[in-house]
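# Coordinate inspection notes
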Amino acid sequence: MQPVQGIHHITAIASDPQRNLDFYHGLLGQRLVKKTVNFDDPGTYHFYFADKTGTPGTVLTFFPWRHMGRGVRGNGEVGATAYSIRPASVDFWCTRLEENGVAVTAAPTRFGNDVLSFTDPDGMVIELVVNAEQQTFVPWDNGPVPGEHELRGFHSATLWVTNAAATDEILTAHLGYQLVGSEGNRTRYQGAGNDIGLYIDLLEQPELGQGRLGAGSVHHIAYRTVDDSEQAEYLALLQEAGYGVSPVMDRQYFHSIYFREPNGVLFEIATDAPGFLYDEAVDELGTHLKLPNWLEPRRRQIEESVVPVALPAVERGQEV
Ligand code: ZN
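All values derive from a computational prediction rather than experimental measurement.

## Some remarks on the overall build of the chain
The helix and strand tally for the chain stands at five helices and 16 strands. In summary, the chain has a C-alpha radius of gyration of 19 Å against a globular reference of 20 Å for 320 residues, a match within 12%. By its C-alpha atoms, the chain is 50 × 45 × 35 Å across when sized along the principal axes. For the chain, with 320 residues in total, the buried portion stands at 59%. In the chain, of all internal contacts separated by at least 6 residues, the share reaching a separation of at least 24 is 70%. Of the roughly 12,800 Å² of accessible surface on the chain, a fraction of 50% belongs to carbon and sulfur atoms. Averaging the positions of the 23 positive and the 42 negative side-chain charges in the chain gives two centres separated by 6 Å.

See the structure below:
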């Protein structure tokens, strides 16, 4: 069995859907590659933001529940989601974010990389890790951010935990991550993939309470596996190790299994296939409300129950 390649996607909770679209698609320049609904709650959207084609390792998804109160940051959740940017893009992003009312903080240097930190409109922590490493993603050539400054896929996710050893075990013994370093209470693990979404950091904070789920909280983090047969091996192995793992769920664009790791973070293992081109051509990604076959008979009712949203007008950022 192959070790996990890296991060597949991260799914979070938002409140207002239009504000969520404006921030990620309009301001951060992440393409809305799929507009669908929460399969378990079809009156709520499920937005997928990613690179041009939805490459695993670039995919951030949201359930925007309009009246959801804010979550409380704490242990047992993904405390920060980090994208890579090039060193030459630091000024561009600081200016673009601050001109749009987003306060940017320089976080302490982390494993030799500068890190910018800010929050989205729901209070979710987003980081930009400055590095010149190779990142294989598909640039969104018609997006609002000039190509040379685009976000370059996920760099890492930081899991906030009470006891790092418990999560260390699942990452290294069951998912194939390698411990690559530690700084203070932060420990870094590297996946086996190419160059995108490679790192998981554990931030051990024994004094901190558990997080409370709400708007601005990450709901779960998904790891990449190649195909269904490899996923089945993970399912058997995790069950054998005593984890309560869900059966395989058809998420239309990938297949998923879920389990909670010992510190409380919800983990998913998702397949790379079939991907986001499954039901829309590349030029049309995100432009229709897509439903799985089993919800198509309810399309009219669903279309009436979701709030209408509009894709923000694309305005190219200026060079700085
Ligand atoms: Zn997921």
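## Points about the coordination of the zinc ion
With distances of 1.9 to 2.0 Å, the protein atoms coordinating the zinc ion are His9 (NE2), His220 (NE2) and Glu268 (OE). Positions of the donor residues of the zinc ion along the chain correspond to the pattern H-x210-H-x47-E. Here the residue His9 occupies a position in strand β1 (residues 7–14), and His220 occupies one in strand β13 (residues 218–225), the gap between them amounting to 211 residues. Note on accessibility: His9 and His220 belong to one class, buried.

## Overview of the pairing of strand β10 (residues 178–183)
Bridging between β10 and strand β11 (residues 186–190) involves five bridges; their strand directions are antiparallel. Each residue of the ladder has a partner; that of Leu179, found in β11, is Tyr189. Linkage of β10 to β11, two consecutive antiparallel strands, is achieved through a turn of two residues, within which Gly184 is found at a positive phi near 60 degrees.

## A closer look at the side chain of Glu280
Position of Glu280 relative to the elements: it lies in the loop between β16 (266–274) and α5 (299–305). Separated by 2.9 Å, the side chains of Glu280 and Lys34 make a polar contact. A distance of 3.1 Å separates a polar side-chain atom of Glu280 from the backbone nitrogen of Gly286. Apart from residues no more than four positions distant in its own chain, Glu280 is found in contact with Val33, Lys34, Leu285, Gly286, Thr287, His288 and Lys290.

## Considering the pattern of salt bridges
Applying the stated rule across the entire model yields 13 salt bridges. Note that Lys52 is salt-bridged to Asp141, the shortest N-O span being 3.3 Å. With Lys52 in the loop between β3 (41–50) and β4 (59–64) and Asp141 in the loop between β8 (125–130) and β9 (154–161), the pair connects residues that are 89 residues apart, well separated along the chain. A relative accessible area of 45% means that Asp141 is categorised as partly exposed. Across the salt bridge formed by Arg299 and Glu296, the nearest N and O atoms sit 2.9 Å from each other. One salt-bridge network, held together by shared partners, links Lys34, Asp279 and Glu280.

## Concerning helix α1 (residues 17–27)
Taken across its 11 residues, α1 has eight buried, putting it largely inside the fold. All of the buried residues in α1 are Pro17, Asn20, Leu21, Phe23, Tyr24, His25, Gly26 and Leu27. The N-cap residue of α1 is Asp16: its side-chain oxygen and the backbone nitrogen of Gln18 are 3.3 Å apart.

## Considerations on the environment of Gln190
Secondary-structure assignment places Gln190 in strand β11. Distance from Gln190 to Leu179, taken between C-alpha atoms, is 6.5 Å for residues 11 residues apart in sequence. When residues no more than four places from it in sequence are discounted, the contact partners of Gln190 are Tyr177, Gln178, Val180, Leu198 and Tyr199.

## Things to note about the sheet that holds β1
On the basis of which strands lie adjacent, the open sheet formed by eight strands has the order β2-β3-β4-β1-β13-β16-β15-β14 and mixed pairing. Lying at the two open borders of the sheet, with one neighbouring strand each, are β2 (31–38) and β14 (249–250). Both β2 and β3 contribute to a ladder of seven bridges, which runs antiparallel. Its bridge partner being in β3, Arg31 is matched across the sheet by Ala50.

## A few points about the environment of Pro308
With respect to the helices and strands, Pro308 occurs in the segment after α5. Along the sequence, Pro308 and Gln18 sit 290 residues apart, while their C-alpha atoms lie 8.4 Å from each other.

## Digging into the nonpolar core
Grouped together as the largest cluster of nonpolar side chains are 65 residues, with contacts concentrated most on Leu159, Ile200, Ile221, Tyr223 and Phe267. Once you skip the residues sitting within four places of it in the chain, Phe267 turns out to touch Leu159, Thr167, Ile170, Leu171, Leu175, Ile221, Tyr223, Ile257, Tyr258, Phe259 and Glu261. Formed by 10 residues, the second largest nonpolar core is a distinct cluster that contains Ala50, Val59, Phe254 and Ala270.

## Digging into the packing of aromatic side chains
Geometry of an aromatic ring pair is reported as the spacing of the ring centres plus the angle between the planes. Counted under the stated rule, the structure contains 21 aromatic pairs. With a centroid separation of 5.1 Å and an interplanar angle of 75 degrees, the aromatic rings of Phe23 and Tyr24 are classed as edge-to-face. The burial state of Phe23 is the same as that of Tyr24; both residues are buried. Taken together, a centroid distance of 5.4 Å and an interplanar angle of 20 degrees make the contact between Tyr253 and Phe276 stacked. In this pair, Tyr253 is assigned in the loop between β14 and β15 (254–260) and Phe276 in the loop between β16 and α5, connecting sequence segments 23 residues apart. For the pair formed by Tyr253 and Phe276, the shared burial category is buried. Ring-pair connections join several aromatic residues into one group, and the members of that group are Phe23, Tyr24, Tyr45, Phe47, Phe49, Phe62 and Phe118. The ring of Tyr199 has Arg188 sitting right over it, with the charged end atom 5.0 Å from the ring centre.

Rules and cut-offs
Residues numbered from 1 in each chain as written. Predicted model: local features only at pLDDT ≥ 70, side-chain atom pairs only at ≥ 80, totals over all residues. Heavy atoms only, no water. Helix = DSSP H or I, 4+ residues; strand = E, 2+ residues; numbered from the N terminus. Rg over C-alpha atoms; globule rule 2.2 N^0.38 Å. Buried < 20%, exposed > 50% of the residue type's maximum accessible area, 1.4 Å probe, protein only. Contact = heavy atoms within 4.5 Å. Areas by Shrake-Rupley, 256 points an atom, 1.4 Å probe, with all protein chains shown as cover. Lys, Arg positive; Asp, Glu negative; His and termini not counted. Charge placed at Lys NZ, Arg CZ, Asp CG, Glu CD. Donors = N, O, S within 2.8 Å, 3.2 Å for Na, K, Ca; no water. Pairing = 2+ DSSP bridges. Polar contact = N/O pair within 3.5 Å; in protein donor to acceptor, adjacent residues only side chain to side chain. Salt bridge = Lys/Arg side-chain N within 4 Å of Asp/Glu carboxyl O. Core = buried A, V, L, I, M, F, W, Y, C linked by side-chain atoms within 4.5 Å. Phe/Tyr/Trp six-rings, centres within 6.5 Å; stacked < 30°, edge-to-face > 60°. Lys NZ or Arg CZ within 6 Å of the ring centre and 35° of its normal.

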